[in-house]
Amino acid sequence: MPAPDRKAQRTSNSYFDPLTIQPPPNETEEEKAARLEVQKEAIRVSRTIDAGLAESKRALERKKHAVKILLLGQSESGKSSISGCNSHRNTSKRELFVWKTVIQLNLISSIKKILTVLQDEWESAGEAQSPTTPDSASPDAKPSTPLTSDHRRLSLSLSPLLVFETSISQIMDGTTGGYMVTVRPGDGCKHKLASSGRPPSTTLEAQSPEDDDDGAGANASNDPSHVAQVLAECKNEIIALWEDRVVRRVLEAHGVYLQEESGFFLDDTSRIAALDYVPSDRDIMRAQIRTIGVEEHRFVTESGFRAGTEFYITEVCGNSNRRSTWVPYFDDVQAIIFLAPLTFWQTLEKDNQKVNSVQDSLELWREIAGNPLFAKAALILVFNKKDLLQAHINAGVMVKDYVPSFGIRSNDVVSVTKYFRDKFCAYHRKFSPEPRPFIFYETEAIDTKSTAIILGEVQKQTN
Ligand SMILES: Nc1nc2c(ncn2[C@@H]2O[C@H](COP(=O)(O)OP(=O)(O)OP(=O)(O)O)[C@@H](O)[C@H]2O)c(=O)[nH]1
Ligand SMILES: [Mg+2]
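Criteria and cut-off values
Residues numbered from 1 in each chain as written. Chains lettered and ligands numbered in written order. Predicted model: local features only at pLDDT ≥ 70, side-chain atom pairs only at ≥ 80, totals over all residues. Helix = DSSP H or I, 4+ residues; strand = E, 2+ residues; numbered from the N terminus. Contact = placed C-beta atoms within 7 Å. Pairing = 2+ DSSP bridges. Axes fitted to C-alpha atoms, helices over the stretch in contact; angles between N-to-C directions. Buried ≥ 20, exposed ≤ 12 C-beta atoms within 10 Å, placed from the backbone. UniProt positions renumbered as here; feature names shortened; annotations may be inferred. Core = buried A, V, L, I, M, F, W, Y, C linked by C-beta atoms within 7 Å. Parallel < 35°, antiparallel > 145°, perpendicular 65-115°, else oblique. Left-handed = near helix turned anticlockwise from the far one by under 90°. Nonpolar A, V, L, I, M, F, W, Y, C, P; charged D, E, K, R; others polar.

- Where an unreviewed UniProt entry is consulted, the protein chain appears under the name G-protein alpha subunit, with the organism given as Mycena venus.

Dropping the structure here:
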């Protein structure tokens, strides 16, 4: 059979189309069967593409009528938690192995913070370089730190944990439609721990090909089974360190309140550092994992006055909030849920400067409220992490020590909330391109009831 003139067809159609192959005059049975096989496959591929296009078109059409919500707020403000985006955490039992590693790395992260504080304490006591320990020093010398040689030994015994990279991210995986959990050694996402969009793997990929190039020995140590093994070996020392009263006092003196931090698991060390540890739903909900890029979640309400309404919630990762380039892609959102935790005791590093966490939220709020592309969107402000605010106020942490303008107001949750709410409200009034209601909530995003209440509000506002 003479070969079809593919060159000619390519010139006229720019590609080779098997459906247009004409049978040659003297085609044998074998050649005919081969030609029909090629055509059959081409038809199958063509139908798959058509079906895909039709589905995309239907999805686009549906989306036109859906309620579109944008979820904004600084990093760790609770966007993933409140959007219910964490629900995949709860349902994906098959990924417990991955979550085990994430949670164990969260625990190691807390231990690293303690070790850093102890090191700072020793350094500021002027003995970091010296092998002399306070209790072996001359009896007349007054120790400038309450830490002893036992603390130093404990701290040294935990140094094997320092090699683990504990900054964990969650990114959408375009190939599987699921999530990938990665740890970030330095400047790039290299360490893939898992993907939840495909069947569970019993052995996780701990290294990406890139790691081979840079020979990063420390990266290889994030192998999940290695993490679990080292953690189990250090379990007793971790418990001893965390339960030590002097260490607690030093942490407090350095303004470090680990108990209230995200991804805090030190109280559960004996359980989490055990080799046979299996994460509970609550552990998974509390796990700290950063979203990278933009994530979209679709859901349909089952009950309520607009049952059957389709919602699209898009979370823009905390770090990209400053990049105004993404704004035009969301000019059709009907509502913006803005999460601002009142963690006034925290500072963030920004452009090499320390910024108060609430001040940072306020700045971002001003940008969003004042953006003309969002002028028609309902703006819903959510003061998240109410539980942490309460805990800090109860512990006697004074707002005026962190936010001097708070002045001599009463240091209770109601006054503090009102003070910050008034500030957000003033920005909203001043910068909104056109008048719109100021809608405000206080929540704990880790409490799923809060999410339902806020989404109910969105339904009302977008009716
Ligand atoms: N105590 C407490 N923790 C919370 C609350 N809401 C969220 N968290 C925790 O805060 C951490 C960060 O929450 P995420 O939902 O991942 O925050 P995010 O805004 O999506 O963060 P990025 O993806 O990094 O931008 C997680 O460990 C949550 O469990 C809350 O109301 N109270
Ligand atoms: Mg997130």
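### Concerning the overall build of the protein chain
Next up, step 1: For the protein chain, the helix and strand inventory stands at 16 helices and 12 strands.
Next up, step 2: Excluding contacts between residues fewer than 6 apart, the proportion of contacts in the protein chain whose partners are at least 24 apart in sequence is 68%.

### Brief notes about the pairing of strand E10 (residues 353–356)
Next up, step 1: Relative to E10, strand E9 (residues 347–350) runs antiparallel, the two sharing 4 bridges. Bridging from a neighbouring strand, Lys 350 pairs with Gln 353 of E10.
Next up, step 2: Counted along the chain from E9 to the antiparallel partner E10, the turn is 2 residues long, and its residue Asp 351 has a positive phi close to 45 degrees.

### What about the sheet that holds strand E1 (residues 67–73)?
Note: strands within a sheet are paired through backbone hydrogen bonds, in either parallel or antiparallel orientation.
Next up, step 1: Spatially, the 6 strands line up as an open sheet ordered E6-E7-E1-E8-E11-E12, and their pairing is mixed. In this open sheet, the two edge strands, each paired with only one partner strand, are strand E6 (294–300) and strand E12 (439–442). Mean inter-strand twist for the sheet, computed between neighbouring axes without regard to direction, equals 20 degrees.

### Concerning the environment of Gln 74
Next up, step 1: The topology assignment puts Gln 74 in the loop between E1 and helix H3 (79–82).
Next up, step 2: Overall, the presence of 26 C-beta atoms within 10 Å leaves Gln 74 in the buried class.
Next up, step 3: Here the alpha-carbon distance between Gln 74 and Leu 364, two residues 290 residues apart in the chain, equals 7.9 Å.

### Points about unusual backbone geometry
Next up, step 1: Phi at Glu 76 takes a positive value of approximately 70 degrees, unusual for a residue other than glycine.
Next up, step 2: Topologically, Glu 76 is positioned in the loop between E1 and H3.
Next up, step 3: Here the phi dihedral of Lys 385 falls at roughly 60 degrees; this positive angle occurs in a residue that is not glycine.
Next up, step 4: On the secondary structure map, Lys 385 appears in the loop between strand E11 (378–383) and helix H14 (386–394).

### Some words on the pairing of strand E8 (residues 335–339)
Next up, step 1: Counting buried positions along E8 gives 5 out of 5 residues, so the element sits mostly inside the fold.
Next up, step 2: Taken together, the 5 bridges between E1 and E8 define a ladder with parallel strand orientation. Residue pairing in the sheet places Leu 70 in a bridge with Ile 336 of E8.
Next up, step 3: With 5 bridges joining them, E8 and E11 adopt parallel strand pairing. Counterpart to Phe 338 in the pairing with E11 is Leu 381.

### Overview of the UniProt feature "binding site: GTP" (unreviewed entry) in the protein chain
Next up, step 1: Listed under "binding site: GTP" (unreviewed entry) in the UniProt record, and renumbered for this structure, are Asn 384, Lys 385, Lys 386, Asp 387 and Ala 445. A maximum C-alpha distance of 9.7 Å among these annotated residues, which run over 62 residues, shows that they cluster at one spot.
Next up, step 2: Judged by the 29 C-beta atoms lying within 10 Å of it, Asn 384 falls in the buried class.
Next up, step 3: Every residue in contact with Asn 384, bar those within four places of it in the chain, is listed here: Ser 77, Gly 78, Ile 82, Leu 339, Ala 340, Pro 341, Thr 443 and Ala 445.
Next up, step 4: Here Asp 387 lies in helix H14.

### What about the UniProt feature "binding site: Mg(2+)" (unreviewed entry) in the protein chain?
Next up, step 1: Summarizing the sequence annotation, UniProt attributes the feature "binding site: Mg(2+)" (unreviewed entry) to Thr 291 in the numbering used throughout.
Next up, step 2: Topologically, Thr 291 is positioned in strand E5 (residues 290–292).
Next up, step 3: Given 24 C-beta atoms within 10 Å, Thr 291 falls into the buried group.

### Some details on the nonpolar core
It is characteristic of soluble globular proteins that their nonpolar side chains tend to be buried jointly.
Next up, step 1: One finds Ile 69, Ile 336, Ile 337, Phe 338, Ile 380 and Val 382 to be the most contacted residues of the largest nonpolar core, which totals 41 residues.
Next up, step 2: Leaving out residues up to four positions away in the same chain, Ile 336 has contacts with Leu 70, Leu 72, Ile 368, Phe 374, Ala 377, Leu 379 and Ile 380.

### What about the packing of helix H13 (residues 357–370) against helix H15 (residues 413–431)?
Next up, step 1: Contact geometry of H13 with H15 gives a least axis separation of 8 Å together with a crossing angle of 25 degrees. The angle between H13 and H15 falls in the class roughly parallel. With respect to the hand of their crossing, H13 and H15 are arranged in right-handed fashion. For the pair formed by H13 and H15, the contact residues are Val 358, Leu 362, Trp 365, Arg 366, Ala 369 and Gly 370 on the first element and Phe 420, Lys 423, Phe 424, Tyr 427, His 428 and Phe 431 on the second.
Next up, step 2: The residue makeup of the contact of H13 with H15, split by class, is 8 nonpolar, 2 polar and 2 charged.

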